[in-house]
Amino acid sequence: MRLLTHNMLACNIKGVTNGYPLRLEAEKWVEKEVDFNADFLRGVFPKIDWPALVGAARALGFHDLLPVDAPDPSVLASDDELLRRFHRALLQLHVEEGGLVCPETSRRFPINKGIPNMLLHEDEV
Amino acid sequence: MLLCVTLPVRSISHLLELGAFRPLVSVPGYSTRATSESVKFCIMVSSTETMEVSKFTKLNSARKSTPCSTNVRATPDIEKTFVHRVYDAIAPHFSATRFAKWPKVASFLNSLSPGSIILDAGCGNGKYLGFNPNCFYIGCDISPPLMGICAGKGHEVLVADAVNLPYKTNFGDAAISIAVLHHLSTESRRRNAIEELIRVVRKGGLVLITVWAVEQEDSSLLSKWTPLSDKYNEAWVRPSSPRLHNSVALVLEQIPETNEVCSATEISKDQNALPEDGEEDGGNDDTLAASIFNGVQEDAVSSGSGDVETNQEYFVPWHLPYHRAEVSGRLTTEIANGLAKKDDKKGAVVYNRYYHVFVEGELQRLVAGIDNVKTVEQFYDKSNWCVVLQKT
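Residues numbered from 1 in each chain as written. Chains lettered and ligands numbered in written order. Predicted model: local features only at pLDDT ≥ 70, side-chain atom pairs only at ≥ 80, totals over all residues. Heavy atoms only, no water.

As annotated in an unreviewed UniProt entry, chain B is Methyltransferase type 11 domain-containing protein from Platanthera zijinensis.

As recorded in an unreviewed UniProt entry, chain A goes by the name TRM112-like protein, listed as coming from Platanthera zijinensis. Here chain A is described in UniProt, under the heading Sequence similarities (unreviewed entry), as follows: "Belongs to the TRM112 family." Per UniProt, chain A has the following entry under Subunit (unreviewed entry): "Interacts with TRM9." (UniProt positions renumbered as here; feature names shortened; annotations may be inferred.)

Set out below in structure tokens:
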């Protein structure tokens, strides 16, 4: 699971109103190189919840990879080095084993072999 | 005496699992009309049979473990048995045989701007993931084995339910649902799945949905499918079954309140004639039995062609060659449970997949009930009904 995916996952248990972002527990992660595409990154940036991305990167041990505050879009567009760090966090880091924890219910959704299982139990729908 | 019953599809699968269908005997010439939500069939009941009240109580407690609720997001048993379990069992073979890219889907994907985030809900073997290399795809499917196969190809996937997507609202740029909705067994679930697709895309985002059509280009294909009623017919037409006598009560328990009784009039083969209500030939019903038959049909969808007798519920076979069939103990169990059958002539294990095939206009009717969506395109292509929707 990449952090771009993590950025869009939310707990969908019935009645939950504060199910985002899911807290990332990474037991095993790897880095895989992905082609750098500045246009894609600039395009996707407005959708990204920056604090959630920073939190997820930190869960993998990357405390200084990203600035705490979301950069200005124009800054991101012109700062190639920052863009590359954004690229790395968003697309190159893969969580292989771990879990995603709902902030409201503490329900843990497992990640196995890089695949999160977001299925709910019958009493959660 | 002859009694007719309409059962919600959900109840049928539950009863099937309980083995309750054994005693039911089809009556030749009688209508086994199916709507999207229920199947109607007629049974012969001996007027001397007694219904044991104790059996009802027993079944009531068994029932608690099944999501027979009206919760649209709870998976009905028919889908668990004839969709989820089947795809899990056939995943590698299914994946290997799904490679042709359908031109209409391809052109939709290619029309999306570079940098788009595309959500494929019910992505199967991931055939369309990564199709347009300028976009980022996230696929999800209810089948863990299929998602394992996708992940092995390097795709970004998760295990999730199309009726309850785990995505934030307004995130995706586009979504696709290719040959998925026809595996959902109720109209509410089908509509809910469309609502989810709309919810997860941004305002102005596009959604492509394709589903199998009743109106197949190759109409001979339908003869290879088993209409739902026939399948249950097969499961329970066992004249020599030792359970013939006592289990009628098991069937009746699931059915609430009102009484529906068919006349003995023969119904024509094309099923145009509707059974008439009336007193049964052969005297008084057992009042307990009579009180339980139900004519209620939940969310009945009237067919676009105006023919309410069009059957839309089918089991479509999947032939898993012996050399591919898993040799785990599971296969033996599945055959024992009736989930799969061996076909020595074809050298394959046959699984049945549940389908609700769509009639013309049905997708549009589902969409009509949804806010903040407009239909951009609608078409029929290669035996599929398709729509492109836009979130407004």
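With that out of the way, let us pick up the overall build of chain A. Check the secondary structure of chain A and you find five helices and four strands. What you see in chain A, going N to C, is helices and strands ordered as α-β-α-α-α-α-β-β-β. By the compact-globule yardstick of 14 Å for 125 residues, chain A fits well, its C-alpha radius of gyration being 15 Å. Here the C-alpha coordinates of chain A stretch approximately 50 × 30 × 25 Å along the principal axes. Within the span of chain A, comprising 125 residues, buried residues form 50% of the whole. If you take every contact in chain A between residues at least 6 apart in sequence, the share linking residues at least 24 apart comes to 66%. (Helix = DSSP H or I, 4+ residues; strand = E, 2+ residues; numbered from the N terminus. Rg over C-alpha atoms; globule rule 2.2 N^0.38 Å. Buried < 20%, exposed > 50% of the residue type's maximum accessible area, 1.4 Å probe, protein only. Contact = heavy atoms within 4.5 Å.)

Moving on, we get to the sheet that holds strand β3 (residues 108-112) of chain A. All names here are of chain A. Pairing is antiparallel in the open sheet, where four strands are placed in the order β1-β2-β3-β4. Each end of this open sheet is capped by a strand with a single partner; those strands are β1 (23-31) and β4 (115-116). With eight bridges connecting them, β1 and strand β2 (residues 93-101) associate as antiparallel partners. Looking across to β2, one finds that Lys-28 is bridged to Glu-97. (Pairing = 2+ DSSP bridges.)

Moving on, we get to the state of the cysteines. Within this structure, the stated rule accounts for zero disulfides over all chains. Here A:Cys11 stays unpaired: no disulfide links it, and the sulfur of A:Cys102, its closest cysteine neighbor, is 3.5 Å away. You can call A:Cys11 buried: its relative accessible area is 8%. Not engaged in a disulfide, the cysteine B:Cys135 finds its nearest cysteine sulfur in B:Cys123; these two sulfurs lie 16 Å apart. (Disulfide = S-S within 2.5 Å.)

What follows concerns the pattern of salt bridges. Pairing is possible between side chains that carry opposite charge, provided their charged atoms lie close to one another. Across all of its chains, the model carries 16 salt bridges over all chains by this definition. A single salt-bridge network, built from bridges that share partners, covers A:Arg23, A:Glu25, A:Glu27 and A:Arg108. (Salt bridge = Lys/Arg side-chain N within 4 Å of Asp/Glu carboxyl O.)

Moving on to the packing of aromatic side chains. All names here are of chain B. For the structure on display, the rule yields 12 aromatic pairs over all chains. Each ring, one from Phe-94 and one from Trp-318, has its centre 5.5 Å from the other, and the planes form 55°; the classification is tilted. Of this pair, Phe-94 sits in helix α3 (residues 77-97) while Trp-318 sits in strand β9 (residues 313-321), placing them 224 residues apart in sequence. When its relative accessible area of 9% is taken as the criterion, Phe-94 is described as buried. Look at Trp-225 and Tyr-314: their rings are 5.4 Å apart centre to centre, the planes differ by 70°, and that puts the pair in the edge-to-face class. With Trp-225 in the loop between β7 (201-212) and β8 (226-227) and Tyr-314 in strand β9, the pair connects residues that are 89 residues apart, well separated along the chain. An aromatic cluster is present here, built from Trp-212, Trp-225, Tyr-314 and Tyr-355 joined pairwise through their rings. (Phe/Tyr/Trp six-rings, centres within 6.5 Å; stacked < 30°, edge-to-face > 60°.)

In this section: the environment of B:Gly122. All names here are of chain B. By the element assignment, Gly-122 lies in the loop between β3 (117-121) and β4 (136-141). Along the backbone, Gly-122 and Met-147 are 25 residues apart, and their C-alpha atoms lie at a distance of 10.0 Å. What Gly-122 contacts, discounting residues up to four positions off in sequence, is Cys-140, Asp-141, Ile-178 and Val-180.

All names here are of chain B. Relative to the helices and strands, Lys-374 resides in strand β12 (residues 373-381). As a C-alpha pair, Lys-374 and Thr-392 span 18 residues in sequence and 6.8 Å in three-dimensional space. Apart from residues lying up to four places away in sequence, Lys-374 is in contact with Val-388, Leu-389, Gln-390 and Thr-392.

Let us look at helix α4 (residues 103-110) of chain B. Residue and element names in this part refer to chain B. Within α4, the full set of buried residues consists of Val-105, Ala-106, Phe-108 and Leu-109. Each buried residue of α4 lies within a common arc of 160° when the element is viewed along its axis, so the set occupies one face. Each element contacted by the buried residues of α4 is listed here: β3, β4, β6 (172-178), β7 and β13 (384-391). (Arc of directions from axis to C-beta.)

Our next topic: the packing of α3(B) against helix α5 (residues 144-152) of chain B. All names here are of chain B. It is the contact of α3 with α5, at a shortest axis distance of 7 Å, that shows an interaxial angle of 30°. For the element pair α3 / α5, the angle class is roughly parallel. Between α3 and α5, the contacting residues are Tyr-87, Asp-88, Ala-91, Pro-92, Phe-94 and Ser-95 on the first element and Pro-144, Pro-145, Leu-146 and Ile-149 on the second. Among the residues making up the contact of α3 with α5, the classes are represented as eight nonpolar, one polar and one charged. (Axes fitted to C-alpha atoms, helices over the stretch in contact; angles between N-to-C directions. Parallel < 35°, antiparallel > 145°, perpendicular 65-115°, else oblique. Nonpolar A, V, L, I, M, F, W, Y, C, P; charged D, E, K, R; others polar.)

On the chain B side, the residues contacting the 27 residues of chain A number 32 residues. For the pairing of chain A and chain B, the buried interface totals around 2300 Å² over both sides, and the portion due to carbon and sulfur atoms is 62%. For the chain A face of the interface with chain B, the top three residues by lost area are A:Met8, A:Lys47 and A:Ile115, together amounting to 29%. A salt bridge links A:Glu122 to B:Lys80, with the nearest nitrogen and oxygen atoms 2.5 Å apart. (Buried area = accessible area lost by both parts, 1.4 Å probe.)

Attention shifts here to the side chain of B:Ser116. Of note, B:Ser116 is situated in the loop between α4 and β3. If we skip the residues at most four places from it in the chain, B:Ser116 touches A:Phe40, B:Asn134, B:Cys135, B:Phe136 and B:Asp173.

Within the largest apolar cluster, 76 residues are counted, with the highest numbers of intra-cluster contacts made by A:Leu4, A:Phe86, B:Tyr167 and B:Ile209. Here this core gets six residues from one element, more than from any other, and that element is helix α5 (residues 80-92) of chain A. Not counting the four nearest positions on each side in its chain, A:Leu4 is found in contact with A:Phe40, A:Val44, A:Ile48, A:Leu90, A:Leu91, B:Ile117, B:Phe136 and B:Phe171. Within the second largest apolar cluster, 50 residues are counted, among which are B:Ala174, B:Ala340, B:Tyr354 and B:Val359. (Core = buried A, V, L, I, M, F, W, Y, C linked by side-chain atoms within 4.5 Å.)

The next thing to look at is the layout of surface pockets. One number sums up the size of the second largest pocket: a volume of about 620 Å³. Along the wall of the second largest pocket there are 27 residues; nearest its centre are A:Arg2, A:Val34, A:Leu91, B:Phe136 and B:Gly154. At the level of secondary structure, the elements contributing two or more residues to the lining of the second largest pocket comprise α2 (38-44), α5 and β2 of chain A together with β4 of chain B. Across the lining of the second largest pocket, the residue classes break down as 12 nonpolar, eight polar and seven charged. (1 Å grid on protein atoms, 1.4 Å probe; cavity = no way out; pocket = protein on both sides within 12 Å on 5 of 7 lines; lining within 4 Å. Points joined across faces, edges and corners; volume = space filled by probe spheres on them.)

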